[in-house]
2 protein chains.
Amino acid sequence: MAALMGQMMQMPLMISSVIVHAARHFGDTEIVSKRAEGDMHRTTWKATELRSRKLAQALARLGCEAGDRVATLAWNGYRHVEIYYGASGSQLVCHTINPRLFPEQIAWIVNDAADKVLCFDLTFVPLIEKLAPSLKSVEHFVLMTDRAHMPAQTSIPDLRCYDELVEAESGDMLWPEFDENTASSICYTSGTTGNPKGAVYSHRSTVLHAYASALPDALGCSAKDVILPVVPMFHVNAWGLPYSVPLVGAKLVLPGPHLDGKSLYTLFESEKVTFSAGVPTVWLGLITYVQQNQLKFSTFRRTVIGGSACPPAMMRTLENDYGVEVIHAWGMTEMSPIGTVSKLKSKHDGLDAESRHKLLEKQGRAVYGVDMLIIDDDEKPLPWDGKSSGNLVVRGPWVIAHYFQIERSPLVSVEGRQWFPTGDVATIDEDGFMQITDRSKDVIKSGGEWISSIDLENIAMAHPAVHEAAAIACAHPKWDERPLLVVVRKPDAQASEADILGFFEGRIAKWQIPDEVVFVDELPHTATGKIQKLRLREQFKGHRLPTA
Amino acid sequence: MAALMGQMMQMPLMISSVIVHAARHFGDTEIVSKRAEGDMHRTTWKATELRSRKLAQALARLGCEAGDRVATLAWNGYRHVEIYYGASGSQLVCHTINPRLFPEQIAWIVNDAADKVLCFDLTFVPLIEKLAPSLKSVEHFVLMTDRAHMPAQTSIPDLRCYDELVEAESGDMLWPEFDENTASSICYTSGTTGNPKGAVYSHRSTVLHAYASALPDALGCSAKDVILPVVPMFHVNAWGLPYSVPLVGAKLVLPGPHLDGKSLYTLFESEKVTFSAGVPTVWLGLITYVQQNQLKFSTFRRTVIGGSACPPAMMRTLENDYGVEVIHAWGMTEMSPIGTVSKLKSKHDGLDAESRHKLLEKQGRAVYGVDMLIIDDDEKPLPWDGKSSGNLVVRGPWVIAHYFQIERSPLVSVEGRQWFPTGDVATIDEDGFMQITDRSKDVIKSGGEWISSIDLENIAMAHPAVHEAAAIACAHPKWDERPLLVVVRKPDAQASEADILGFFEGRIAKWQIPDEVVFVDELPHTATGKIQKLRLREQFKGHRLPTA
């Protein structure tokens, strides 16, 4: 007998339906932006949906056809939201570019994606003036501003004014419905090695990710919230918030280029932000400002921290001193990005603060939709016992199957199914809480045993004299590799190597304590603020440990 | 240029993946059932997932093939959960039957669906003994109990023991992946006119509905919850809770056939239930029990009330006297069922209690995924102004396109798209809050103006002497139709017709006040507890109003 088919409406999952929903049900709910122009701007979901439709018409008038890429070099702002919906909603592909990359990388990415239109904020006029001649595919340069802010003179060919393009249109169009597997947006990974690689999201993957990420045990977004994504819209679509916020009808607050502690604090307070999201570095700046000025948050209650592991001390400061719940999350560009979120279960209700924190410091349990496994080097699954550590692999409808224009599949086969190898080394406990112990390429292999560079760094960072620290593998004649700790001291701090190494005693197994501490003035960082371990390893390539 | 396709994993949305997720991440989280056998039973998501796999093997061994229907006549219990997953997960179709229907209707439905296997609780042995000869398609009768409870003698042919079937299998199988549009389950509407009609859900519609219904502004389910669906699993899949509960990893408490106030209260307290769901009638019984015994709830904090409009007085009692938040929801069998949920936005934060309640008494705003419109008799959309009332139509991926085996499409075309006509008359306000004013066939058309029968009933129900009331249209020579109120008084209550009519003064426009009150001993109800207005209208067909 043939399978019986369901008899439900065949409605594709369309990104445009998210903003239509917001316009209908939350028409007067605000989007507040601090603009690159320097001023504040207020609009609504209803107005933004209309302007997104006008933008779709303008892009069609510029000659864009299904599948064409519309690139952005832009901060978090309402025009960027319009491009997310206007481009994707009309079957074009929104390609967000990280402006913090090196100019050559930006040019490489634009050419690789063959972007047809490039929209950019005022901030980036000098950059585009420099890059324009090398951006071969770009037919239209669009400055995301109004007529008054257009530069009098520029070398950018035929520079268009975004607001003029939008305002010339009627908005008189219906969002088309098409195959939900159509590409909606592209993000390039800021690969630490080789060229950046593009993840091509679809309408289906984006909408499913938006549902899952808004769940109570994920980000838990609601129409009661005022949400400020500090995480940039060029960084894996601001973790999907420009989709999940209108899906639930929350107020959206966008900080533009102003991410310093003072600017953020002012915006949090004036707009009554309840919920935010960002990488640890950003919270460091905000916490420092709030501490120095002895301030409190009036409405701010929850924040997602991801991008890299949240330092335990930061989690405690936010919770204990400011009453802000830290939602520790993990994901990656290749996962749209959300994979796991650390939220407790009812069985944890009676836990003491210390055990509770130990759990919350883990990267958390998989959001429904994401499957995960840890496997050994032979691709055999390892037990979920909280101790066995292995290579983390994932699958799910918002995980990539391929990189853009790269034929070779990145997937590995485990037990007859295809999985994406995350490049992370992790443990998973009986309750499904995953904890990253290292990047597979950063782990230090000492005499056949693995030492987590992250564990060493976390201990070092807890020392009062340490501003920043990186643990890397250093060649060793007997042990193959031994840990070397590279430390930036706080200004005026005097700690010696012996002080730092002594601090490790009792905090980790003796054989895992670094063999040496080297003090430096600063550590190399990637465009997204992560420490460049690869560069650091190269720098210390010939280094001879005192134990060697 | 052709559209660019996304490059994400092609993973079908499978119901089996929900319970696999629960088994992995919430393996030791409990499912507690009060059984038809009379005792309590405790199991876990991990054990239930394994038993579901064994059941899938047992069903295959019985000869079931893709598309075959496995019917249930069962209360809310763990074995029923196993059938939900074991049948759907192995590409069979789980067909839940409402045991409160008349026996002839049950037989009609089994034959219409051509059910191959019929699983039923102990309670229903006498019923099946009576019906078995007329159930033409059923090849296997399975009693959902253990060997010890199997009847010594029965006329049911070749009666199987559910636990024996399951326990004979190894569980050694992988859940198959197949087209997500495959049928997963069937529910028949308890049509008040004509034969019942089947809604055929798919894996896709069920998983999307589970995501949407667990959102913070819908049911808001989390791993912190202990959830007791009072709404039966044969009533639109208990509003999807058997899917959304394992999706979020909550503890599930299932009351079996014991739905009286005392049994429910005892279970709420012993299992620390935080969240429940049911029709107003059930809450009436629970509230009465709690009031009479001067009890309080220790952990119960939220409940969804749907199925029919929640009487405002009930909402206030639950909130004010017991601290239980009432989540007023609306949906229908044809919608899986959730359409709207009444949850406030941040703009409502400052509202006084009265205005807040007025909003919460509405059926609420559409969950993302559901589109809705109100249209006039010419199928023209009406404004969302909170005043214009029209026929409510809906669309979405968990809304039916067809009824099972009925060729004629139930859909209507509005503005170039297909919509399902709900048969409800409603208003929608500027904030997207929908309010049902009547069933389109129950509305009373007096001189070209519409009078809501529900409005009249709500007023009547607020009178202290009224136990139950129904307002129906009665033919009138001048006005075409005028309202007649049929009332059941509370025991010992003495209110006269004049008392009741006087109570309407100032509560509704004068011309909408009923022309007459008729007192009766009881009102006719459907199998799901709704008043049978059609039967009532037939009963009063020749009735002559005093105003006629």
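The structure under discussion appears in the preceding block.
Since we're looking at a predicted model, the values are computed, not measured. (Residues numbered from 1 in each chain as written. Chains lettered and ligands numbered in written order. Predicted model: local features only at pLDDT ≥ 70, side-chain atom pairs only at ≥ 80, totals over all residues. Heavy atoms only, no water.)

1. Side note on the overall build of chain A
Right, so step 1: Secondary structure assignment for chain A yields 16 helices and 26 strands.
Right, so step 2: A compact globule built from 548 residues should have a C-alpha radius of gyration of about 24 Å, and chain A, at 24 Å, falls within 12% of that.
Right, so step 3: Seen along its three principal axes, the alpha-carbon backbone of chain A occupies a region of about 70 × 70 × 45 Å.
Right, so step 4: Going through the 548 residues of chain A one by one, you find that 63% of them count as buried.
Right, so step 5: In chain A, 66% of the contacts between residues at least 6 apart in sequence involve partners at least 24 apart.
Right, so step 6: Split by element, the accessible area of chain A, about 20,300 Å² in all, is 50% carbon and sulfur.
Right, so step 7: Across chain A, the mean location of the 54 positive side-chain charges is 2 Å away from that of the 66 negative side-chain charges. (Helix = DSSP H or I, 4+ residues; strand = E, 2+ residues; numbered from the N terminus. Rg over C-alpha atoms; globule rule 2.2 N^0.38 Å. Buried < 20%, exposed > 50% of the residue type's maximum accessible area, 1.4 Å probe, protein only. Contact = heavy atoms within 4.5 Å. Areas by Shrake-Rupley, 256 points an atom, 1.4 Å probe, with all protein chains shown as cover. Lys, Arg positive; Asp, Glu negative; His and termini not counted. Charge placed at Lys NZ, Arg CZ, Asp CG, Glu CD.)

2. Brief notes about the relation of the copies chain B and chain A
Right, so step 1: When chain B is fitted to chain A, the best match, at an RMSD of 0.1 Å, comes from turning it 180° and sliding it 0.0 Å along the axis. The transformation just described matches what one would write down for a two-fold rotation axis. Scanning chain B for the C-alpha nearest the rotation axis identifies L215 of chain B, at a separation of 2.5 Å.
Right, so step 2: Most of the interface of chain B is mirrored in chain A: 100% of its interface residues are interface residues there too. (Least-squares fit on C-alpha atoms with pLDDT ≥ 70 in both.)

3. Observations regarding the sheet that holds strand β16 (residues 365-366) of chain B
All names here are of chain B.
Right, so step 1: Pairing is mixed in the open sheet, where 9 strands are placed in the order β2-β1-β11-β10-β12-β13-β14-β15-β16. The open sheet has two free edges, formed respectively by β2 (40-44) and β16, since each of these has just one partner strand.
Right, so step 2: Judged from the 2 bridges that link them, strand β10 (residues 226-229) and strand β11 (residues 251-254) form a sheet pairing that is parallel. When the sheet's bridge partners are listed, V226 is paired in β11 with K251.
Right, so step 3: The strands that helix α3 (residues 78-89) touches are β1 (30-34), β2 and β11; relative to β11, the one it contacts most, it runs at about 120°.
Right, so step 4: Across the sheet, helix α12 (residues 312-322) lies against β13 (302-305) and β14 (325-331), angled at about 145° from β14, the strand it touches most. (Pairing = 2+ DSSP bridges. Axes fitted to C-alpha atoms, helices over the stretch in contact; angles between N-to-C directions.)

4. Some thoughts on the interface of chain B and chain A
Right, so step 1: Facing 90 residues of chain B, the contacting portion of chain A comprises 90 residues.
Right, so step 2: Buried surface at the junction of chain B and chain A, both sides included, amounts to about 7,300 Å², of which 56% is carbon and sulfur.
Right, so step 3: Its largest share of buried area at the contact with chain A, chain B owes to M8, M9 and Y368 of chain B, together 13% of the area lost on that side.
Right, so step 4: At the surface where chain B touches chain A, the tally comes to 12 salt bridges.
Right, so step 5: With a shortest N-O distance of 3.1 Å, R395 of chain B and E177 of chain A are connected by a salt bridge.
Right, so step 6: Scanning the region where chain B abuts chain A turns up 40 residue pairs in polar contact (both at pLDDT 80 or more).
Right, so step 7: Considering every element that reaches the side of chain B that touches chain A, the biggest residue donor is helix α7 (residues 203-214) of chain B, with 7 residues.
Right, so step 8: Grouping the constituent residues of the side of chain B that touches chain A by class yields 48 nonpolar, 22 polar and 20 charged. (Buried area = accessible area lost by both parts, 1.4 Å probe. Salt bridge = Lys/Arg side-chain N within 4 Å of Asp/Glu carboxyl O. Polar contact = N/O pair within 3.5 Å; in protein donor to acceptor, adjacent residues only side chain to side chain. Nonpolar A, V, L, I, M, F, W, Y, C, P; charged D, E, K, R; others polar.)

Function-wise, these values are silent; they only describe arrangement.
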